Amino acid sequence: MLGPDTLAVVQDHASLTYLDHAATTPMRADAVNAMLPFLTERFANPSGSHRFARSIRQVVDEARDVVADVIGCDAGEVVFTGCGTESDNAAIVGTQRRHGGIAVCSQAEHHAVLNAVEHGGGRVVATDSAGSIDLHHLARALSDDVSIVSAMAVNNEVGSITSLKAVATVVREHAPQALLHTDAVQAPCWIDLRSISPHVDLLALSAHKFGGPKGVGVLMVRKGTVVEPLLQGGGQERDRRSGTHNVAGIVALAEALRLTDLERATEISRLEKLRNRLVDQLLMQLDDVIETVPRDRKVAGSAHVCFADIESEALLYFLDEVGICASAASACASGAMEPSHVLAAMGVERRFALGALRLSLGQTTTAKEIDYALTHLVAIVRRLRGVAP
Ligand code: PLP
């Protein structure tokens, strides 16, 4: 049941300024329409043998073809999963269960990777100041017993891009036996996946980051790469991921990914202008604010800034008051605010790191929203500084 507070938010939703696309994206209307028949009359289980089931299996196969085309891989290399977290875990845990050995990743990975690596006793290496894995540290961490290296394509917090080609070169030289996995969950809106996939053995995606539904993801598993499945059961996905297919989710994922790929170049140039205007104006109108990652090292839709002597929590509270949805990843540990693990890894000065703000733009973002956010953000920062000691 929806309570009165929830209902108010739902009714009010149209008036919100949503700048949190890195957290999740609104679903594309075409993706919603694509999935509806599979939630209603076309409900058969694609693993069955009757004609109704076979017709649904064909739909899943067509979706697989679309996904493979956008990733730049063979259809047989596409495994549908339940989310990005599952895809990352399947790659890391599945590799270790099958091949043993040690997993390696950087300090700035999403916790879906970082926790899986740490849980398995893996090695965590340093990042550079932009939040990309430090290639010298990586080279030093590689040895004969490393079975998998995981490097994210785009950082979810600060938006920095990692060259998988450069990572692959280091891995092939220092640990040729190791698989290379990339968490590409934040990549599809900004990077042509065909430029990433040739360099990796495993690649994770999540539909809700590019206009698809929550609860469905992809793990690309390169032909000849064998990882132990996380889920044992009916042997779906050619024994790589058991569990009845989320047909509606898979169909919507494919449609959202197809459209994202088609519109990527246009969207990047539109959103880059809006992002630049937002950050340029913040830097011009306020003192003691830094742009966390240089623009030539990050994706177009990410605005990540740090305000000195302000706490992100307060900033988010006042932004929320005026209907602006944003985020910051500082964590409250034992009653005190701590910088996020990503900013700590990048070496951002604590005074700035505690005032981090992530504004992430996407398909629905308009110039009007950017102007609204800018006006309020400047006023809120000034107000907070006025009362701050
Ligand atoms: N990896 C990255 C980089 C992410 O941003 C996220 C989601 O925030 C995930 C993995 C987890 O994806 P999901 O929400 O589908 O489990």
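Residues numbered from 1 in each chain as written. Predicted model: local features only at pLDDT ≥ 70, side-chain atom pairs only at ≥ 80, totals over all residues. Heavy atoms only, no water.

(A) How the structure looks around a nonpolar patch on the surface. A cluster of nonpolar residues, Met 27, Val 32, Leu 36 and Leu 39, forms a patch on the protein surface that exposes about 310 Å² of accessible area. Accessibility expressed as a relative area gives 55% for Leu 39, which makes it exposed. (Patch = residues over 30% accessible without salt bridge, like charges linked within 9 Å, V, L, I, M, F, W, Y side chains within 5 Å. Areas by Shrake-Rupley, 256 points an atom, 1.4 Å probe, with all protein chains shown as cover. Salt bridge = Lys/Arg side-chain N within 4 Å of Asp/Glu carboxyl O. Buried < 20%, exposed > 50% of the residue type's maximum accessible area, 1.4 Å probe, protein only.)

(B) Inspection of the pattern of salt bridges at higher detail. Applying the stated criterion to the full structure yields 22 salt bridges. Arg 194 is the salt-bridge partner of Asp 261, the closest N and O atoms lying 2.7 Å from each other. One end of the pair, Asp 261, is in helix H8 (residues 247-285); the other, Arg 194, is in the loop between strand E6 (179-183) and strand E7 (202-206), and 67 residues separate them in sequence. Relative accessible area serves as the criterion here: at 30%, Arg 194 is assigned to the partly exposed category. (Helix = DSSP H or I, 4+ residues; strand = E, 2+ residues; numbered from the N terminus.)

(C) How the structure looks around the site of the ligand. As a structural note, the neighbourhood of the ligand is formed by 13 residues, with Thr 85, Asp 183, Gln 186, Ser 206 and Lys 209 the closest of them. Here an oxygen atom of the ligand and a side-chain polar atom of Thr 85 are 2.5 Å apart. Side-chain polar atom of His 110 to an oxygen atom of the ligand: 3.4 Å apart, as the coordinates give it. Protein contact buries 87% of the 400 Å² of open area that the ligand shows by itself. Broken down by element, the shell around the ligand gets its largest block of residues, 3 residues, from helix H4 (residues 84-99). A breakdown of the residues in the shell around the ligand according to their chemical character gives 3 nonpolar, 7 polar and 3 charged. (Near = heavy atom within 4 Å. Polar contact = N/O pair within 3.5 Å; in protein donor to acceptor, adjacent residues only side chain to side chain. Nonpolar A, V, L, I, M, F, W, Y, C, P; charged D, E, K, R; others polar.)

(D) Structural detail: the sheet that holds strand E8 (residues 217-221). With respect to topology, 7 strands assemble into an open sheet ordered E2-E8-E7-E6-E5-E3-E4, the strand pairing being mixed. What marks the edges here is a single partner per strand, and that holds for strand E2 (78-81) and strand E4 (123-125). On average, adjacent strands in this sheet sit at an angle of 20 degrees to one another, irrespective of strand direction. In this sheet, E8 lies alongside E7 in antiparallel orientation, the contact comprising 5 bridges. Within E8, the residue paired with Leu 202 across the bridge is Val 221. Sheet contacts for helix H3 (residues 51-71): E2, E7 and E8; angle to E2, the most-contacted strand, approximately 115 degrees. The sheet strands contacting helix H5 (residues 111-119) are strand E3 (102-106), E4, strand E5 (146-150) and E6, and the helix crosses E3 at an angle near 145 degrees. (Pairing = 2+ DSSP bridges. Axes fitted to C-alpha atoms, helices over the stretch in contact; angles between N-to-C directions. Contact = heavy atoms within 4.5 Å.)

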